[in-house]
Amino acid sequence: MGVTHNIVDWKHGRTVELLSEGEAWLYYILRWDDSVEDIREQFPIDLDTTNQIADKAGIMRVAKGLDCMTTDLLVTSHGNKLEAYSVKAGRADLDGNPRSVEKLWIEKMYWQLKGVPWKLVYKEDMNRVFADNIRLCIEYYDVKRVHDQIGAVKHCIATKQISVDMESAPLDFEKLVQLYGGKIWQK
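Residues numbered from 1 in each chain as written. Predicted model: local features only at pLDDT ≥ 70, side-chain atom pairs only at ≥ 80, totals over all residues. Heavy atoms only, no water.

Enquirer: Would you mind going over the environment of Leu 171 in detail, with residue names and values included?
Expert: Checked against the element boundaries, Leu 171 lands in the loop between α5 (149–158) and α6 (173–184). Take Leu 171: its relative accessible area is 15%, and that puts it in the buried class. Note: C-alpha distance between Leu 171 and Thr 4 (167 residues apart in sequence) is 25 Å. (Helix = DSSP H or I, 4+ residues; strand = E, 2+ residues; numbered from the N terminus. Buried < 20%, exposed > 50% of the residue type's maximum accessible area, 1.4 Å probe, protein only.)

This is how it looks when you write it as structure tokens:
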């Protein structure tokens, strides 16, 4: 059981369907990086290749039939550079679960064969404050959503017209309005 997130990507408008809070946090953090051009979620990886990897290693195949493994996030950055990410809530999720470890290893080997860096990311290691601040600001990426000073400040942060510390503490939008509001708000 988990929580799903449907995020409308603020740069290209596609609805992104994420299967955990950790995936959502990582999505926000990765997408905030201006070098990231696209992020594909639940990216299917080739069943034949994953089964060949499993067979070579002498471990159980991933699936039969049409089922296949997926990579949580496949990121495309400038220059068509790819990176694959698998997201887990915490290290404890893998304790006592050798099959999950095997499947992660198969996924890692798959991307290694493709020449694509693969990273295992734990939700417990991510900066929730950073992800939440991004989420609160990008709702106002489109200037048409701005109807007040707080919205204007959020828009300016989302479009990187103003730069603030997003990682250390939750943003205090009232203070930011006092600091920037008169400069950016136009009635």
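Enquirer: An account of helix α4 (residues 128–138) is requested, with residue identities and associated values reported.
Expert: Burial in α4 covers these residues: Phe 130, Ala 131, Asn 133, Ile 134, Cys 137 and Ile 138. All buried residues of α4 fall inside an arc of 165° around its axis, so they share one side. (Arc of directions from axis to C-beta.)

Enquirer: Account for the pattern of salt bridges, with residues named and values stated.
Expert: All told, the structure shown has 13 salt bridges when counted by the stated rule. Between Arg 99 and Glu 102 there is a salt bridge, with its nearest N and O atoms 2.9 Å apart. Placement of both Arg 99 and Glu 102 in helix α3 (residues 98–114) is noted, with a separation of three residues, approximately one turn of the helix. One salt bridge in this structure joins Arg 135 and Asp 132, with 3.9 Å as the shortest N-O distance. Of this pair, Arg 135 and Asp 132 are both found in helix α4, three residues apart, which corresponds to roughly one turn of the helix. Relative accessible area serves as the criterion here: at 30%, Arg 135 is assigned to the partly exposed category. One salt-bridge network, in which partners are shared between bridges, spans Arg 128, Asp 132, Arg 135 and Glu 139. (Salt bridge = Lys/Arg side-chain N within 4 Å of Asp/Glu carboxyl O.)

Enquirer: Give me the nonpolar core: which residues, what numbers.
Expert: Judged by nonpolar contacts, the single largest core of 36 residues is most densely connected at Ile 157 and Met 166. Among the secondary structure elements, those contributing two or more residues to this core are β2 (15–18), α1 (21–32), β3 (36–44), β4 (70–77), β5 (81–88), α4, α5 and α6. In terms of residue count, α1 provides more of this core than any other element does, seven residues in total. If we ignore the near neighbours within four places in the chain, the residues touching Ile 157 are Trp 32, Cys 137, Ile 162, Val 164, Met 166, Leu 171, Phe 173 and Leu 176. (Core = buried A, V, L, I, M, F, W, Y, C linked by side-chain atoms within 4.5 Å. Contact = heavy atoms within 4.5 Å.)

Enquirer: Residue-level account of the pairing of β2, with values.
Expert: Every second residue of β2 is oriented toward a common face, the buried set being Val 16 and Leu 18 and the non-buried set Thr 15 and Glu 17. In terms of strand pairing, strand β1 (residues 5–8) meets β2 through four bridges, oriented antiparallel. Bridge assignment links His 5 to a residue of β2, and that residue is Leu 18. In this antiparallel pair of consecutive strands, β1 and β2, the connection spans six residues, and Gly 13 shows a positive phi of 85°. (Pairing = 2+ DSSP bridges.)

Enquirer: Talk me through unusual backbone geometry; I want residue IDs and the actual numbers.
Expert: Apart from glycine, the bulk of residues carry a negative phi angle, and the bulk of peptide bonds sit in the trans form. The phi dihedral of Asn 80 is positive, around 60°, even though this residue is not glycine. Positionally, Asn 80 belongs in the loop between β4 and β5.

Enquirer: I'd like to hear about the environment of Leu 136, residue by residue, with values.
Expert: Within the fold, Leu 136 resides in helix α4. Separated by 22 residues in sequence, Leu 136 and Ala 158 have C-alpha atoms that sit 9.0 Å apart. Once you skip the residues sitting within four places of it in the chain, Leu 136 turns out to touch Lys 154 and Phe 173.

Enquirer: So what's going on with the packing of α1 against α4? Which residues, and what values?
Expert: Running from N to C, α1 and α4 cross one another at 70°; their axes reach a closest spacing of 9 Å. Taken together, α1 and α4 sit at an angle that is classed as roughly perpendicular. For the crossing formed where α1 meets α4, the hand is left-handed. Each of Glu 21, Trp 25, Tyr 28, Ile 29 and Trp 32 in α1 lies in contact with α4, whose residues at this interface are Arg 128, Phe 130, Ala 131, Ile 134, Arg 135 and Ile 138. Here the residues of the contact of α1 with α4 are counted per class, giving eight nonpolar, no polar and three charged. (Axes fitted to C-alpha atoms, helices over the stretch in contact; angles between N-to-C directions. Parallel < 35°, antiparallel > 145°, perpendicular 65-115°, else oblique. Left-handed = near helix turned anticlockwise from the far one by under 90°. Nonpolar A, V, L, I, M, F, W, Y, C, P; charged D, E, K, R; others polar.)

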